[in-house]
Every structure is written in C-alpha cells, then in structure tokens.
Amino acid sequence: MLTPMSFHPDTLCVQAGWQPKNGEPRVLPIFQSTTFKYDSSEHVGDLFDLKVPGHFYTRLSNPTAEAVENKIAALEGGVGAMMTASGQAASLIALLNLCNSGDHFIASSAIYGGTTNLFSVTLKKLGIEVTYVDPYASDEAVQAAFRPTTRAIFGETIANPALTVFDIERFARVAHANGVPLIVDNTFPTAVLCRPFDFGADIVTYSTSKYLDGHAISLGGMIVDSGRFDWRASGKFPGLTEPDPSYHGTVYTDAFGPSAFIVKARVQLMRDLGATPSPMNAFLLNLGMETLHLRMERHCRNAEAVAAFLEGHPAVSWINYPGLPSSKDAALVKKYLPHGACGVISFGVKGGRDAAVRFMDSLKLAAIVVHVADARTGVLHPASTTHRQLTDEQLVAAGIGPDLVRLSVGIENAADIIADLDQALIACD
Ligand SMILES: *Cc1c(COP(=O)(O)O)cnc(C)c1O
C-alpha cells in the first residue's frame, strides 16, 4: 500500500491501493472468485485464527475490494477501511460495531432520509435508540442529549439534502468529553474536499454510490477507521476491549491495536451480516476514484457558477449552496471546505409546486433522476417524487418546501448547464 505522507490526494486517487509486483497486471484485476487456494490446511487454519493476513472467502475480504479500501484509507488518513455493498450497510455496520441493544447514540437531524429511517425505525427495533440534535445546537444542548448509554455521535459533513455544513471539530470535542467517538458521513465532499479525521472525527462512512463512483454505475459503501480513538481508556466498549466469544475469545484492542474497530467490523459483523460488495463493483469504484480529484474540482467550479447565476435570477425565490459567499455556512465552509463545497445545490422556483414541476419538465440537458453526485447534471423535485405522499404543510415541516428543486451539477460545460436552467426557468414562469 502506497501511503507516504508526501503524496497529494490527486496522486493517491490515481495510484494508491493496487501496487503490482514484478510482472503483475498494471491495472487492478477483478478477482472474481469466492474463494482462495492454499497449500496446507494449517495455513487456512491460521487465516481463520487471524494469525496471518490473507483472503479465504470473499464475504470477508477480496483482493479487488482490498485495493480500493487501501486507496480510501490513504486518502482519508486512516489505518484501515472496509467496503460494503451500499452506503446503508456502511451506516448500519458502523453503528452496530459500537452499540448493543439498550444503547443509545446522538445524530445530527440534518442527515440523509434513508439514514434517518435506518436509525429511527430499524435500529430502534433492535433496541438501539437515537436522539436527533440540530446541527447548529449549542454544546450545552448536545451535552443534554447524552445518556449513560450513549455510544456515538453521527453527522454528515455536508448534509443530503439540507446541505448544512457539520461543525466536525466542535462535535468531536463534545463526543470525546463524553468518552465516545464521532462518526462522520463524508459522502458529499469526499476526502478530496474535506478529511474529517483532520478535525477530530474518529470514523468516516461513505455511500460510494455518489461522487466516489462518480458515474452512477455501482452501489457501494465504505467505513474508514482513524485508529485514534482509545477504546480502552473510554471503558464504554466491551465489544472491543473484552473477549469475543464468537471469535475464540479474541480481544480486538489487544490483538489489533489501533485497527481494532475496523477488524471487528469485518471479522464479526461482515461475517454475520454478509453485506459484501461484488469484486466487479469494487473494480468499478476504483476506476471511478482514479479521476475523483479532477471531477470534484469541476463539480465545485460548475456549481459555483450555477449558484451565482441562480442567485440573481428573477424566477428563483431562494437558493441554498454552501459554496456561495452569502451562505449562512460561509464560515464553516472556509474552515472545512476551502477548495469547494461539492456540486449539489437546492433552490426554490417562484410559483411553488406547479412552477417547479413545469421547470423540471422543461429541462433538456439536466435529467430527472433519483440520484445525486454523478458526472451528469440531474434534478429532483422531492414534492412530486420521493416525498409525494406528504401535504404541503408536512413538506415544510420536513424542511422540503413544495417549491424545492435539488440540483446535482455535473461536469459538463457550465455555460451549457446554465443555458438549460435559464430556458426552463423562462418556460415555467
Ligand atoms: C445515498 C446516501 C446514503 C445511502 O447510500 P446508498 O449507497 O444509497 O445505500 C447514505 N448517506 C448519504 C449522505 C447519501 O447521500
């Protein structure tokens, strides 16, 4: 694995992970194999006992996935990473690796809808409770949400779809004062624009289905471990610091030191849950990531141009883009996202729900898709699609007005994107 501190993120995007030896393929191969061959049963026994490194069954690990895991770990500055079949599986496993039935955690209220559902409904059924706090809540308000059973704080660097910027350093301080780690979903900025570990986060999660893949071709998720949280000093995580009866009494902190969290996630939870990515999807993710640094730069520059255009447009009632100088989060952007605030913008069309629908249907270049963060410009009108069961009043309560359009600015030419938006805004007037 190539991780010299001297390499810039751009170089790591292209080169980290797959390091071919003499005569091996230059390009990361797709190891499309469920299993791996060994010369002795003793060696296989040692693999099972985690005494020697190596792959034995793709549900647990696979060389193609391992290469892309090492690439992300290098980019984020972590000690290890584990790829999952989807972003949902990454959030689930990250929380289950810390919380047992009866435990509790705190989450920012500005997070992805699918994550809210996982936390509020499915984890609750497993006996794990969540308390949501406003991302702008005071330290005192966050502290007040703590219980003796609280085991983590969770937030999104740039929230989907609220686009609020999470004050990582502040939440890390409150989490650490209570002996628990901070988990940050870094899907929207990616490690190219923000490295949450640099600001005190302990665990990073991803839906790689968005910018990391970048082409809307494969679902995936990732968990990255900073290796810096002291599980033993905290005393709140017996799952990591006491013998695991399901793994012949392994004490993860003793056996794996700073990698305890990510090793446990793999050998215990991935073993049992099997939310494993296919080698093909790991290959596609690696290929996408080879251009991540180039794409993120263009997404940011295009979104800045589009946001400046929309901000002055007479048919636009409001705009939310953290990268705008007028954004309420401008100070947080300066600190956490100095190179750009990704390509996602939300805005309101004057004339409400009907005008928004006319606007969407008039677009020629931007496609109507239930996806964000890929190379092609796409739009979504939550009120008439993903949230169509809600009344206008319920939509406003959910922070999604009937006029809200979510625009994912792609990497096409900015003037073409703007011209398309302009003609559709005139058509819907
Ligand atoms: C899409 C998304 C997820 C869920 O990821 P999937 O790959 O769709 O399972 C989680 N978090 C954020 C911020 C997302 O945008």
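What you are looking at is a predicted structure, and each value in this text was computed from that prediction instead of being measured. (Residues numbered from 1 in each chain as written. Predicted model: local features only at pLDDT ≥ 70, side-chain atom pairs only at ≥ 80, totals over all residues. Heavy atoms only, no water.)

Engineer: Hey, could you go over the overall build of the protein chain for me, with residue numbers and the actual values?
Structural biologist: Scanning the protein chain for helices and strands turns up 18 helices and 12 strands. What you see for the protein chain is a C-alpha radius of gyration of 22 Å, in line with the 22 Å of a compact globule of 429 residues. Principal-axis analysis of the C-alpha atoms gives the protein chain an extent of 75 × 55 × 40 Å. Evaluated residue by residue, the protein chain yields a buried proportion of 56% over its 429 residues. (Helix = DSSP H or I, 4+ residues; strand = E, 2+ residues; numbered from the N terminus. Rg over C-alpha atoms; globule rule 2.2 N^0.38 Å. Buried < 20%, exposed > 50% of the residue type's maximum accessible area, 1.4 Å probe, protein only.)

Engineer: Help me get a handle on the site of the ligand, residues and values and all.
Structural biologist: What surrounds the ligand is a group of 14 residues, the closest being Asn-160, Asp-185, Ser-207, Ser-209 and Lys-210. One nitrogen or oxygen atom from the main chain of Gln-88 is found 3.0 Å from an oxygen atom belonging to the ligand. Measuring from an oxygen atom of the ligand, one finds a side-chain N or O atom of Lys-210 at 2.6 Å. In isolation the ligand has 380 Å² of accessible area, and contact with the protein removes 93% of it. Here the residues of the shell around the ligand sort into two nonpolar, nine polar and three charged. (Near = heavy atom within 4 Å. Polar contact = N/O pair within 3.5 Å; in protein donor to acceptor, adjacent residues only side chain to side chain. Areas by Shrake-Rupley, 256 points an atom, 1.4 Å probe, with all protein chains shown as cover. Nonpolar A, V, L, I, M, F, W, Y, C, P; charged D, E, K, R; others polar.)

Engineer: Tell me about the packing of helix 3 (residues 63-76) against helix 13 (residues 279-289), and please be specific about residues and values.
Structural biologist: Each pair of packed helices can be described by the angle between their axes along with the distance between the axes. The interhelical angle for the contact between helix 3 and helix 13, taken along N-to-C directions, is 35 degrees, at an axis separation of 8 Å. As for the relative orientation of helix 3 and helix 13, their crossing is left-handed in sense. Only Pro-279, Ala-282, Phe-283, Leu-285, Asn-286 and Met-289 of helix 13 make contact with helix 3, whose side of the interface consists of Thr-64, Ala-65, Val-68, Lys-71, Ile-72 and Leu-75. When the residues that make up the contact of helix 3 with helix 13 are grouped by side-chain class, the tally is nine nonpolar, two polar and one charged. (Axes fitted to C-alpha atoms, helices over the stretch in contact; angles between N-to-C directions. Left-handed = near helix turned anticlockwise from the far one by under 90°. Contact = heavy atoms within 4.5 Å.)

Engineer: Give me the sheet that holds strand 11 (residues 378-380): which residues, what numbers.
Structural biologist: Reading across from one edge, 8-9-12-11-10 is the order of the five strands in this open sheet, with mixed pairing throughout. The open sheet has two edge strands with one neighbour each: strand 8 (316-320) and strand 10 (367-368). Where strand 10 meets strand 11, two bridges bridge the pair, whose relative direction is parallel. Each residue of the ladder has a partner; that of Ala-367, found in strand 11, is Gly-378. This element, helix 14 (residues 292-311), spans strand 8, strand 9 (344-349) and strand 12 (404-408) of the sheet and lies at about 15 degrees to strand 9. (Pairing = 2+ DSSP bridges.)

Engineer: I'd like a rundown of the side chain of His-313, residues and numbers included.
Structural biologist: Position of His-313 among the secondary structure elements: in the loop between helix 14 and strand 8. Among the residues examined, His-313 registers a relative accessible area of 11% and is labelled buried. If near-sequence neighbours (up to four positions away) are discounted, His-313 is found in contact with Asp-422 and Leu-425.

Engineer: Give me the lowdown on the nonpolar core, citing residues and values where you can.
Structural biologist: Here is a general trend for soluble globular proteins: nonpolar side chains tend to be buried in one another's company. In terms of nonpolar packing, the biggest core is built from 123 residues, with Phe-105, Phe-119, Leu-182, Ile-345 and Phe-359 touching the most fellow members. For this core, the element with the most residues is helix 12 (residues 260-273), which contributes eight residues. Taken domain by domain, the makeup of this core includes at least three residues from each of domain 1 (4-288) and domain 2 (293-428). In this view, Phe-105 contacts Leu-95, Cys-99, Phe-119, Leu-123, Ile-128, Glu-129, Val-130, Thr-131, Thr-150, Arg-151 and Ala-152; residues no more than four positions away in its chain are not counted. (Core = buried A, V, L, I, M, F, W, Y, C linked by side-chain atoms within 4.5 Å. Domains from an automatic or database assignment.)

Engineer: Can you tell me about the environment of Ala-307, naming the residues and giving the values?
Structural biologist: Within the element layout of this structure, Ala-307 appears in helix 14. Since its relative accessible area comes to 0%, Ala-307 is described here as buried. Here the alpha-carbon distance between Ala-307 and Phe-347, two residues 40 residues apart in the chain, equals 9.1 Å. Those residues within four positions of Ala-307 in sequence are excluded, and the remaining contacts are Ile-319, Tyr-321, Leu-324 and Ile-345.

Engineer: A description of the domain arrangement of the protein chain should follow, citing residues and the corresponding values.
Structural biologist: Interface extent is often summarised as the accessible area lost during association of the parts. Domains assigned within the protein chain are domain 1 (4-288) and domain 2 (293-428). Measuring from the centre of the C-alpha atoms in domain 1 to the corresponding centre in domain 2 gives 30 Å. Opposite the 32 residues of domain 1 that make contact, domain 2 presents 30 residues. Across the domain 1 to domain 2 interface the summed buried area is about 2600 Å²; carbon plus sulfur atoms make up 65%. Interface area lost by domain 1 to domain 2 is led by Leu-163, Leu-193 and Tyr-211, which between them contribute 30%. The interface formed by domain 1 and domain 2 holds one salt bridge in total. For Lys-335, the salt bridge is made with Glu-169, and the minimal N-O distance between the two is 2.6 Å. Split into classes, the residues belonging to the side of domain 1 that touches domain 2 amount to 19 nonpolar, seven polar and six charged. (Buried area = accessible area lost by both parts, 1.4 Å probe. Salt bridge = Lys/Arg side-chain N within 4 Å of Asp/Glu carboxyl O.)

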